[in-house]
Amino acid sequence: MLRSTPCHRQGARAGCQETLLQGPPLPPHFEMKESAEQNLQAKNLPLDVAVECLTLRDSRRDVDVVRDCVEDELHKELEVIDATRKALQQKISQAFEKLCLLQEVRQQLNSDHRGKMEALDIDRGCLSLNIKSPNISLKINPTRVPDGTSTLQQWDDFSQFNKNRAEAEMKEAIELREAIALTIAETNNELEAQRVATEFAFRKRLREMEKVYSELKWQEKNTLEEIAELQQDIRHLEEDLHRKFLNLKLCHTRLESRTYRPNVELCRDQAQYGLTDEVHQLEATIAALKQKLAQAQDALDALYKHLARLQADITCKANSMLLDTKCMDTRRKLTVPAEKFVPEVDTFNRTTNRTLSPLKSCQLELA
């Protein structure tokens, strides 16, 4: 009987030991949890970039302050980032809880394994005893049942429970590892797809603004040409008006001088009638020239106002294009490693970082 009992218990112990020793180790679960944490930490960069782009675009002015497709995509990007962070945080929490359970199960298995190994050593020692053994002796009430003694069925149920629990926890841990890997892949794919959509919206918006900017510059050029032509017309009108005034002065002087003719010579002759008609014609012509000059001045003022509006709009468009170009440059952080990233547009004065000519570099060194 003593020979069969250790064999039966040894088989049960072997099953528990196999579960303990052959089960998935904890390091892969730690690694997957750390991978999720690293991915969660990596989401700070897209979040910072999206917020920086929205902040930059807040500097748009006047009519360019509009909720366009870029604005929509940036807000959608923030929503995607927030959703991915929540999904990853949830998996990290689940991984932490599962690691705690695995540690608990591992400790329970270790404790059960130590107890079984200790019991196995005692049973092997008992099995090795015989009547010639020097350390045998009579004991006081050796047939007593110690407190806490379990039945063979209880012993087997306890061992099987630990084994089954360990296997179930390890199976769930493997499933959770797969779920974490899937979540990491899905969140990265979603964020990458949104990045592509946002940058496509940026490029589309930049093309639209460049087209409008070119149209405005063309209108500005035409307006400047019209202003130059109108200024030339005004100069011609002023010259014509000046000549007419000189002619009018001449007629007035002649008429006034002829009033000093003596006696009967002071007659209304043909010359008198001709000078009078010429004065009336000149006065009518001067009035017409003044009206044309006033109309030309009004038209010139209108052109100047239109030019001012065009130039203000051009300034707004140039500012908006610079801001969106800065945004696109900032978004290069998402694809270019940090150690290789060099801004193409200066953050403060928003000018393109270009290599200086040798002459300029020499001047800066001398300064």
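Turning to the side chain of Arg57, a few remarks are in order. Looking at where Arg57 falls in the secondary structure, it is placed in helix 3 (residues 44-57). Given a relative accessible area of 2%, Arg57 falls into the buried group. Here the side chain of Arg57 touches Asp324 through a polar contact of 2.9 Å, side chain to side chain. Leaving out residues up to four positions away in the same chain, Arg57 has contacts with Asp68, Val70, Glu71, Leu74, Phe202, Arg205, Asp324 and Cys327.

Before going further, it helps to spend a moment on the confidence of the model for the protein chain. Scored by pLDDT, the protein chain has a mean of 81; 84% of the residues are at 70 or more. Here residues 1-9 is a poorly scored stretch, pLDDT under 50, and it has nine contacts once near neighbours within four places are set aside; other chains count.

Applying the stated criterion to the full structure yields 28 salt bridges. Across the pair Lys333 and Glu52 runs a salt bridge, and its minimum N-O distance is 3.8 Å. Of the two residues, Lys333 is situated in the loop between helix 6 (270-330) and helix 7 (358-366) and Glu52 in helix 3; the sequence distance between them amounts to 281 residues. We note a salt bridge from Lys163 to Glu167, for which the minimum N-O separation is 2.8 Å. Placement of both Lys163 and Glu167 in helix 5 (residues 152-258) is noted, with a separation of four residues, approximately one turn of the helix. Salt bridges linked by common partners bring Arg57, Arg60, Asp68, Glu71, Arg205, Glu208 and Asp324 together as one network.

On to the nonpolar core, then. Ranked by internal contacts, the top residues of the largest apolar core, which has 18 residues, are Leu230 and Ile234. Mapped by element, the contributors of at least two residues to this core are helix 5 and helix 6. When residues in this core are grouped by element, the largest group, ten residues, is from helix 6. In contact with Leu230, not counting residues within four places along its chain, are Ala296, Ala299, Leu300 and Leu303. Listed in part, the ten residues of the second largest apolar core include Cys53, Leu54, Leu56 and Leu323.

Packing of helix 4 (residues 69-128) against helix 5 leaves a shortest axis separation of 8 Å and a crossing angle of 165°. The angle between helix 4 and helix 5 falls in the class roughly antiparallel. Pair helix 4 / helix 5 crosses with left-handed handedness. Taken together, the residues that form the contact of helix 4 with helix 5 break down as 25 nonpolar, nine polar and 14 charged.

Note on backbone geometry: most residues besides glycine have negative phi, and most peptide bonds are trans. With a phi angle near 55°, Asp62 is a residue other than glycine that sits in the positive phi range. Here the phi dihedral of Asn141 falls at roughly 50°; this positive angle occurs in a residue that is not glycine. Asn141 sits in the partly exposed class, given a relative accessible area of 44%.

The residue Gln272 is located in helix 6 in this model. Along the primary structure Gln272 and Arg254 are separated by 18 residues, whereas in three dimensions their C-alpha atoms are 9.2 Å apart. Other than its neighbours up to four places away in sequence, Gln272 contacts Leu255, Arg258, Arg261 and Cys267.

Take the side chain of Lys33 next. Tracing the backbone shows Lys33 in helix 2 (residues 27-42). Beyond its immediate sequence surroundings of up to four residues, Lys33 is in contact with Ile92, Ala95, Phe96 and Leu99.

Once that is clear, we can look at the packing of helix 3 against helix 6. Direction vectors running N to C along helix 3 and helix 6 enclose 170°, while the axes themselves pass 9 Å from each other. Relative to helix 6, helix 3 is oriented roughly antiparallel. Each of Val49, Glu52, Cys53, Leu56 and Arg57 in helix 3 lies in contact with helix 6, whose residues at this interface are Leu323, Asp324, Lys326, Cys327 and Thr330.

Cut-offs used in this document
- Residues numbered from 1 in each chain as written.
- Predicted model: local features only at pLDDT ≥ 70, side-chain atom pairs only at ≥ 80, totals over all residues.
- Heavy atoms only, no water.
- Helix = DSSP H or I, 4+ residues; strand = E, 2+ residues; numbered from the N terminus.
- Buried < 20%, exposed > 50% of the residue type's maximum accessible area, 1.4 Å probe, protein only.
- Polar contact = N/O pair within 3.5 Å; in protein donor to acceptor, adjacent residues only side chain to side chain.
- Contact = heavy atoms within 4.5 Å.
- pLDDT = per-residue confidence, 0-100.
- Salt bridge = Lys/Arg side-chain N within 4 Å of Asp/Glu carboxyl O.
- Core = buried A, V, L, I, M, F, W, Y, C linked by side-chain atoms within 4.5 Å.
- Axes fitted to C-alpha atoms, helices over the stretch in contact; angles between N-to-C directions.
- Parallel < 35°, antiparallel > 145°, perpendicular 65-115°, else oblique.
- Left-handed = near helix turned anticlockwise from the far one by under 90°.
- Nonpolar A, V, L, I, M, F, W, Y, C, P; charged D, E, K, R; others polar.

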